[in-house]
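Structural overview
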Amino acid sequence: MALDPVSTLLEIGGKVLDRVLPDPAQQAAAKLELLKLQQNGELAQITGQMEINKIEAASTSVFVSGWRPAIGWVCGAGFAVQFVVGPLAEWGSALAGHPVKFPTMDTGTMMPLLLGMLGLGGMRTAEKIQGVAAK
């Protein structure tokens, strides 16, 4: 296996393509696309971003490693306000005889982010259950 991350990714990508694509023509086309990515420098950029992500996640500062959980908490709070707190507040105010219309939030932007994060969290949980996770 090569020592630099770009060559390592190419080798791993080639092995994955060999298993995923049984057709030799499809394998060749996919490997050609990987080589094009390497030549364009995009693969090196992706690898560099992965290294940055590892460094950020290992940081003890909440301002560096805590931004991802903060996004999750903000999305979770927005979801709770929109679909739990708001309807309950409207119902409670109507019962008290002072109906108040709770403001609605634009969930069109928030929901794809929240659902994507939930999906990644689910994948991480599945890895832990299967014993594949590093930690």
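Residues numbered from 1 in each chain as written. Predicted model: local features only at pLDDT ≥ 70, side-chain atom pairs only at ≥ 80, totals over all residues. Heavy atoms only, no water.

**Topic: the overall build of the chain**
When helices and strands are counted, the chain shows six helices and zero strands. Ordering the α and β elements of the chain from the N terminus gives α-α-α-α-α-α. Buried residues in the chain amount to 17% of all 135 residues. Nonlocal contacts in the chain, meaning residues at least 24 apart in sequence, comprise 39% of its contacts between residues at least 6 apart. (Helix = DSSP H or I, 4+ residues; strand = E, 2+ residues; numbered from the N terminus. Buried < 20%, exposed > 50% of the residue type's maximum accessible area, 1.4 Å probe, protein only. Contact = heavy atoms within 4.5 Å.)

**Describing a nonpolar patch on the surface**
Residues Phe 79, Phe 83, Val 84, Val 85, Leu 88, Trp 91 and Leu 95 make up a contiguous nonpolar surface patch of roughly 710 Å² in combined accessible area. Within the secondary structure, Phe 79 sits in helix α5 (residues 67–95). Residue classification places Phe 79 among the partly exposed positions, given a relative accessible area of 34%. (Patch = residues over 30% accessible without salt bridge, like charges linked within 9 Å, V, L, I, M, F, W, Y side chains within 5 Å. Areas by Shrake-Rupley, 256 points an atom, 1.4 Å probe, with all protein chains shown as cover. Salt bridge = Lys/Arg side-chain N within 4 Å of Asp/Glu carboxyl O.)

**Considerations on helix α6 (residues 107–130)**
Between the first and last C-alpha of α6 there are 34 Å, a value that for 24 residues agrees with the 34 Å anticipated at 1.5 Å per step. Every buried residue of α6 is listed here: Thr 107, Met 110, Met 111 and Leu 114. A side-chain oxygen of the first residue of α6 lies 3.2 Å from the backbone nitrogen of Gly 108; this N-cap is Asp 106. Gly 131 sits one or two residues past α6 and shows a positive phi near 80 degrees. (Expected span 1.5 Å × (residues − 1). Polar contact = N/O pair within 3.5 Å; in protein donor to acceptor, adjacent residues only side chain to side chain.)

**Notes on the pattern of salt bridges**
Counted according to the given criterion, the structure contains one salt bridge. The partner of Lys 101 in a salt bridge is Glu 90, with the nearest N and O atoms 3.5 Å apart. Here the residue Lys 101 occupies a position in the loop between α5 and α6, and Glu 90 occupies one in helix α5, the gap between them amounting to eleven residues.

**A word on the confidence of the model for the chain**
Mean pLDDT over the chain stands at 76; residues scoring 70 or higher make up 73%. Within the chain, the element-level pLDDT minimum falls on helix α4 (residues 62–65), averaging 64, and the maximum on α5, averaging 86. (pLDDT = per-residue confidence, 0-100.)

**Some details on the environment of Ala 89**
With respect to the element layout, Ala 89 can be found in helix α5. Considering only alpha carbons, one finds Ala 89 and Lys 101, twelve residues apart in sequence, at a separation of 8.7 Å.

**A word on the side chain of Ser 93**
Within the fold, Ser 93 resides in helix α5. Ignoring any residue separated from it by four or fewer positions in sequence, one finds Ser 93 in contact with His 98, Pro 99 and Val 100.

**Focus on the side chain of Gln 82**
For Gln 82, the position within the fold is in helix α5. When neighbours within four sequence positions are excluded, Gln 82 is seen to be in contact with Pro 87, Pro 103, Thr 104, Met 105 and Thr 107.

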